[in-house]
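Now for the letters of each chain:
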Amino acid sequence: MKIKNLCTMAMGILFLSTVSNAQTKAFQKEEFKQWAQTPPMGWNSWDCYGPTVEEHEVKANADYMAKELKKFGWEYIVVDIRWFVENDKAGGYNQTDPRYVIDQYGRYLPAVNRFPSAKDGQGFKPLADYIHKKGLKFGIHIMRGIPKKAVEDKLPIKGANGITADQVYTTALQCEWLRDNYTVVANKPGAQEYYDSIFELYAQWGVDFIKIDDLSRPYHESEINLIRNAIDKCGRKIVLSTSPGETPISDAAHVSTHANMWRMVDDVWDTWPHITHLMDVAQKWYPYIAPGTWPDCDMIPLGRISVRGERGEDRITRLIKDEQYTLITFFNIFKSPLFFGGDLPSNDVFTLSLLTNKEVLKMHNESNNVKQLFQKEGKIAVTSKNIKDGSVYLALFNISDNVSQKVSVNLSDVGISGTAQVLNMWTNEKSKVTSKELTVNLKPHSSVLYQLKTMK
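Everything numeric here is computed off the predicted structure, so don't read it as measured data.

With respect to the overall build of the protein
Right, so step 1: Secondary structure assignment for the protein yields 12 helices and 23 strands.
Right, so step 2: By the compact-globule yardstick of 23 Å for 456 residues, the protein fits well, its C-alpha radius of gyration being 23 Å.
Right, so step 3: Summarising its shape, the C-alpha atoms of the protein cover approximately 75 × 40 × 40 Å along the three principal directions.
Right, so step 4: The buried share of the protein, reckoned over its 456 residues, is 59%.
Right, so step 5: Here the protein contributes 55 positively and 53 negatively charged side chains, and the mean placements of these two sets differ by 5 Å.

Laid out in structure tokens, this is it:
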């Protein structure tokens, strides 16, 4: 491994400290829930660029979002994994001779060859400023733990009274698939100070969203506690996303009082089995959908993905149109956070239409009491309600592989009595139902999404 230890960048770091003298008044316990009262919506670089995204690509996606999506509620631009490595690669990770960029306190800094505006120790502040000026919000990804090189070089932890990185780590439970960091031992002096120091830096940069990896399998409660404390101390409202893997349902009470969103499954890619697995795992998470705390379906693998991705070649999503409707319908009615994974400037008209349906996004933002009515025999029915306008939303799915099926729901089960006005939310077709049951014939892998209202 090689490292650029930027101890000589005191001038740049002083610049950050003086221009970002943000208030550091601590937030109250669980105040963070107020920062994401509706499910966060944005773009993440992972599906397109894996660990190789560059500043000009981030800006291009921000420009597109500001022009085409901001008015529909999309707002976050997130730089995913390993932005601090100068020589990473597509199709995996360079773990042979990575060139890390790190400061004198053991904190990663953006690689300037990929993010030129980070020169002179400015970090991500110039890029965050660019995004903020467009009325958007800026996010980054990190791995849990403390950099191995900080441990090896015994770098001091800022604010820890002489404690160095080698005094707060353990090799136990090190991430199995990416070996950049060691686990932080939560009860060691200096452990909290290390997390405090990185979030102090991120607050100076203007970070609004943080995705932290390798927290869920196994569930790292002690490090999540350190992270929650550090965010609450930093003085900036930074939305917390824990990732990846199947967060244990046994830890639902803890994660829902410490994070704004948490992954239910591993990465969701553009294959049908990924969708059906997600739907299956999601069954146990419906009771935990609540303002400020959201079970997360992962990124949306639509449009053009894997431009320089971690998995597969540059391609347009392999999901057929029916499958794309099924995926986006499920994400929306489940009220998952929505983070588009495709390259936004490459979107075609159809892909854009999946992201800009006003009625669907109204459901996503305003509905509540999300319930699965049933999941059996390759059929799924999910419902939610909008108390503001009296709408009942009903999504019906045929997840069988080769059989067209009739999917039926008793209208009384969704609170509808008498004649119902029905709107197909994707086609905008309107109809009436006078019977006690709503039935639709669906092809394999297809779905419908209805808005229902009792007619007076």
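Following the structure, the description resumes.
Focus: the environment of Lys25
Right, so step 1: Locating Lys25 in the fold gives a position in the loop between α1 (10–19) and β2 (41–44).
Right, so step 2: Taking C-alpha positions, Lys25 is 8.6 Å from Asp232, a pair spaced 207 residues apart along the chain.
Right, so step 3: Among all residues touching Lys25, those that are not within four sequence positions of it are Asp232 and Gly235.

Let's talk about the pattern of salt bridges
Right, so step 1: On inspection of all chains with the given rule, the structure shows 28 salt bridges.
Right, so step 2: Residues Asp103 and Arg107 are paired through a salt bridge, measuring 2.9 Å at the closest nitrogen-oxygen approach.
Right, so step 3: Notably, a salt bridge pairs Asp267 with Arg263, separated by 2.7 Å at the nearest N-O pair.
Right, so step 4: In the salt-bridge network here, residues are joined through shared partners; they are Asp103, Arg107, Lys158 and Glu200.

Here's the deal with the domain arrangement of the protein
Right, so step 1: According to the domain assignment, the protein consists of domain 1 (31–356) and domain 2 (374–454).
Right, so step 2: Surface buried jointly by domain 1 and domain 2 totals about 1400 Å² across both partners, of which 66% is contributed by carbon and sulfur atoms.
Right, so step 3: It is Trp272, Thr329 and Ile333 in domain 1 that bury the most area against domain 2; as a group they hold 41% of the surface buried on that side.
Right, so step 4: At the boundary of domain 1 and domain 2, one finds one salt bridge.
Right, so step 5: At the junction of domain 1 with domain 2, the criterion picks out seven residue pairs in polar contact (both at pLDDT 80 or more).
Right, so step 6: When contributions to the side of domain 1 that touches domain 2 are tallied by element, the ones reaching two or more residues are α9 (272–282), α10 (321–333) and α11 (349–355).
Right, so step 7: Partitioned by chemical class, the residues of the side of domain 1 that touches domain 2 number eight nonpolar, five polar and three charged.

A closer look at the sheet that holds strand β3 (residues 76–79)
Right, so step 1: Taken together, eight strands build an open sheet; the order of strands is β12-β11-β10-β9-β5-β3-β2-β15 and the sheet is parallel. Both edges of this open sheet fall to β12 (294–296) and β15 (338–340), since each of them pairs with a single strand only. Within this sheet the neighbouring strands show an average axis-to-axis angle of 25 degrees, counted without direction.
Right, so step 2: Where strand β9 (residues 209–213) meets strand β10 (residues 239–242), four bridges bridge the pair, whose relative direction is parallel. Residue pairing in the sheet places Ile212 in a bridge with Thr242 of β10.

Description of the sheet that holds strand β8 (residues 181–184)
Right, so step 1: One open sheet accounts for three strands, arranged β6-β8-β7; its pairing is antiparallel. Edge strands, defined here as strands with exactly one partner in the open sheet, are β6 (146–147) and β7 (169–170).

What to know about helix α12 (residues 358–366)
Each α-helix winds once per 3.6 residues, and so residues spaced three or four apart point in a common direction.
Right, so step 1: All of the buried residues along α12 are Val360, Leu361, Met363 and His364. Relative to the axis of α12, the buried residues are bounded by an arc of 150 degrees and lie together on one face.
Right, so step 2: Its side-chain oxygen 3.1 Å from the backbone nitrogen of Glu359, Asn357 forms the N-cap of α12.

Concerning α10
Right, so step 1: Helix length check: α10, at 13 residues, gives a terminal C-alpha distance of 18 Å against a target of 18 Å (1.5 Å per residue), a fit within 8%.
Right, so step 2: In terms of burial, α10 is largely enclosed, as 10 of its 13 residues are buried.
Right, so step 3: Where α10 is concerned, the buried positions are Glu323, Gln324, Thr326, Leu327, Ile328, Thr329, Phe330, Phe331, Asn332 and Ile333.
Right, so step 4: Phi turns positive one or two residues past the end of α10, at Lys335, with a value near 65 degrees.

Topic: the pairing of β2
Right, so step 1: Burial along β2 is two-sided: the face carrying Met41 and Trp43 and the face carrying Gly42 and Asn44 are both buried.
Right, so step 2: Across three bridges, β2 lies against β15 in parallel orientation. The residue of β15 that forms the bridge with Met41 is Leu338.

Quick notes on the rules
Residues numbered from 1 in each chain as written. Predicted model: local features only at pLDDT ≥ 70, side-chain atom pairs only at ≥ 80, totals over all residues. Heavy atoms only, no water. Helix = DSSP H or I, 4+ residues; strand = E, 2+ residues; numbered from the N terminus. Rg over C-alpha atoms; globule rule 2.2 N^0.38 Å. Buried < 20%, exposed > 50% of the residue type's maximum accessible area, 1.4 Å probe, protein only. Lys, Arg positive; Asp, Glu negative; His and termini not counted. Charge placed at Lys NZ, Arg CZ, Asp CG, Glu CD. Contact = heavy atoms within 4.5 Å. Salt bridge = Lys/Arg side-chain N within 4 Å of Asp/Glu carboxyl O. Domains from an automatic or database assignment. Buried area = accessible area lost by both parts, 1.4 Å probe. Polar contact = N/O pair within 3.5 Å; in protein donor to acceptor, adjacent residues only side chain to side chain. Nonpolar A, V, L, I, M, F, W, Y, C, P; charged D, E, K, R; others polar. Pairing = 2+ DSSP bridges. Axes fitted to C-alpha atoms, helices over the stretch in contact; angles between N-to-C directions. Arc of directions from axis to C-beta. Expected span 1.5 Å × (residues − 1).

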